[in-house]
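Each chain is listed here by its residues.
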Amino acid sequence: MGSDGAPPASGPRLYRVEADLRDCEVEGKIPTDLNGAFYRVGPDFQYPMHPGNIPFDGEGHVGMFRFRNGRVDFRSRFVRNERWLAQDKAGRALFPMYRNPTMDDPSVKGLSRSTANTHIINHRNLLLALKEDSPPDALDLLTLETVQPRYTFDGQLPSETFTAHPKVDSETGDIIAFGYEAKGFGTDDVSVFQITPAGKIVWNAWIKVPYVGLLHDFAVTQKHIVFYVIPLAFDEEQIKRGGIHWSWDGSKPTYFGIMRRGGDGKDIRWIKGPTRSATHVMGAFDDGNRVYVDVEMSESNPFPFMPMRGGEAWDPIAGASRITRLSVDMSRRNPREYGIEVMYPHHLGALPRQDDRYNTMPYRYGFLPCPDPNPKDPSKRPSACYARFDHQTRKTQLFNAGPNTTLAECCFAPRSKDAPEGSGYLMGVASRLDEGGRADLVILDAEHIDEGPIATVKLPIRIAGQIHGWWVPEEQLPTEA
Ligand code: V55
Ligand code: FE
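Residues numbered from 1 in each chain as written. Chains lettered and ligands numbered in written order. Predicted model: local features only at pLDDT ≥ 70, side-chain atom pairs only at ≥ 80, totals over all residues. Heavy atoms only, no water.

Peer 1: Help me get a handle on the pairing of strand E8 (residues 137–140), residues and values and all.
Peer 2: With four bridges connecting them, strand E7 (residues 126–130) and E8 associate as antiparallel partners. Across the sheet, residue Leu128 finds its bridge partner in E8, namely Ala138. Here E8 runs beside strand E9 (residues 146–148); their pairing, made up of two bridges, is antiparallel. Across the sheet, residue Leu139 finds its bridge partner in E9, namely Thr146. Hairpin connection, E8 to E9: the antiparallel pair is bridged by five residues, and Leu144 has positive phi, about 65°. (Pairing = 2+ DSSP bridges. Helix = DSSP H or I, 4+ residues; strand = E, 2+ residues; numbered from the N terminus.)

Peer 1: How would you explain the site of ligand 1 if you had to name every residue and give the values?
Peer 2: Looking at ligand 1, the residues that line it are Phe56, Tyr98, Asn117, Thr118, Lys131, Glu132, Leu214, His216, His280, Phe303 and Ile467. Thr118 is positioned such that a nitrogen or oxygen atom in its side chain is 3.4 Å from an oxygen atom of ligand 1. Isolated, ligand 1 exposes 310 Å² of accessible area, and the fraction of that covered by the protein chains is 99%. (Near = heavy atom within 4 Å. Polar contact = N/O pair within 3.5 Å; in protein donor to acceptor, adjacent residues only side chain to side chain. Areas by Shrake-Rupley, 256 points an atom, 1.4 Å probe, with all protein chains shown as cover.)

Peer 1: Can you lay out the coordination of the iron ion (ligand 2) for me, pointing to particular residues and giving the numbers?
Peer 2: Around the iron ion (ligand 2), the donor atoms from the protein are His165 (NE2), His216 (NE2), His280 (NE2) and His468 (NE2), and they sit 2.0 to 2.1 Å away. Classification of the site at the iron ion (ligand 2) as irregular follows from its four donor atoms and the range of 94 to 160° in their angles at the metal. (Donors = N, O, S within 2.8 Å, 3.2 Å for Na, K, Ca; no water. Tetrahedral: all angles 85-135°; square planar, octahedral: opposite > 155°, others 65-115°.)

Peer 1: Let's hear about the packing of aromatic side chains: which residues, and what values?
Peer 2: Tallied over the full model, the rule gives 25 aromatic pairs. With a centroid separation of 5.9 Å and 75° between ring planes, the pair formed by Tyr228 and Tyr338 is classed as edge-to-face. Of this pair, Tyr228 sits in strand E15 (residues 224–229) while Tyr338 sits in the loop between strand E22 (322–329) and strand E23 (339–342), placing them 110 residues apart in sequence. Each member of the pair, Tyr228 as well as Tyr338, is classed as buried. Ring pairing ties together the aromatic residues Phe178, Tyr180, Phe218, Phe227 and Trp246, which thus form one cluster. A cation sits over an aromatic face here: Lys252 above Tyr211, 5.4 Å from the ring centre. (Phe/Tyr/Trp six-rings, centres within 6.5 Å; stacked < 30°, edge-to-face > 60°. Buried < 20%, exposed > 50% of the residue type's maximum accessible area, 1.4 Å probe, protein only. Lys NZ or Arg CZ within 6 Å of the ring centre and 35° of its normal.)

Below is the structure:
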């Protein structure tokens, strides 16, 4: 997870502050063509973290920056799903270990284990809060009240789970999504499906993975679907010992799996590759017979809190990721390997984004939070930056958030529905460590991020940490007075 929202070094173990702020203070000027809402979600523990548990298991806390005519309101709420409500009633944690149901309190049998803490998207008139081990929870887009916990698309959801990284088809607006461990805990079944904007599931295929690993994100192009199986693998022994779901098994290869969209999944080709980690996709596209998938890639376990299966120490250098272009020549009947090209060797970072209107298409611009690649004073901790990459020229632009600040993932908002790629705003939450983690939402011109913020929304408080965020333009929000 991003290191934003850092708690102070001392004080209570929990934060949990739900907020409502009208007409927030702004430095600079909110552009009048920025209308809609920026949603974000991240883990915020409801009860103190159980020993041995990890930050990825905190309860989902959703934040909304609502932009209207140059003004902005902020609201945040916990997702009041089955888990949160049961724990609230009991007054204690009932799901003490990340994705380990053997540790659950017996009273919660049959309830959804979802924390809903990873990603958030709008669908029809709902906001779906996502955790990849469970179905979504549906919230009201404006009040952030949980209106339909365990949302199954009116019973159509073919999988027991739903990814945190659905994609939106650039042509149809359909959602392409999948569930892994789709037939239950630890199963090697993956269900892939397509949902229309009206909420009808119009395509579903089933595949099996070579081994059960963290299948956090995937890539969708106009013709293909690509999975990437990494050695953060299901660890049955560790689970029996009361530990978390995954450990890093450095003896395992990666598998790059490609299938055609619209088929039955039997055509999937698994291509073996070197031991690597890749958790997030920046963008993916077809070009002739080649399929390209741009990911954040590291040589080993990127998460210090995920155990190493061999007991070795976590390695921060091998765990650092870079934007890396993977590609496969699909004109060969049996591709034996996939291409690996590190695109920007000097920029280390995770949580890449693009202009999401290009989810399935050739794209030119990508964005990434990264430490300053050229710090002026190398003896100090490098400042947090956002980088903007132009894949056509391979040139980069940098926004530097200044000292003692962390930056959450950024999110792109187009200037208008039909604006050219990358024309619009890039926003993200900066946490000021010298001010107890107080939050600023920084708004940049996405074509000139090096010019600094156009506007900064100054919150008076720290807000919950963020994993991912999502922009919803005004025309996709319900009308309100
Ligand atoms: C990620 C985050 C998760 C998780 C699995 O960034 C992978 C990746 C916040 O939870 O459960
Ligand atoms: Fe993610």
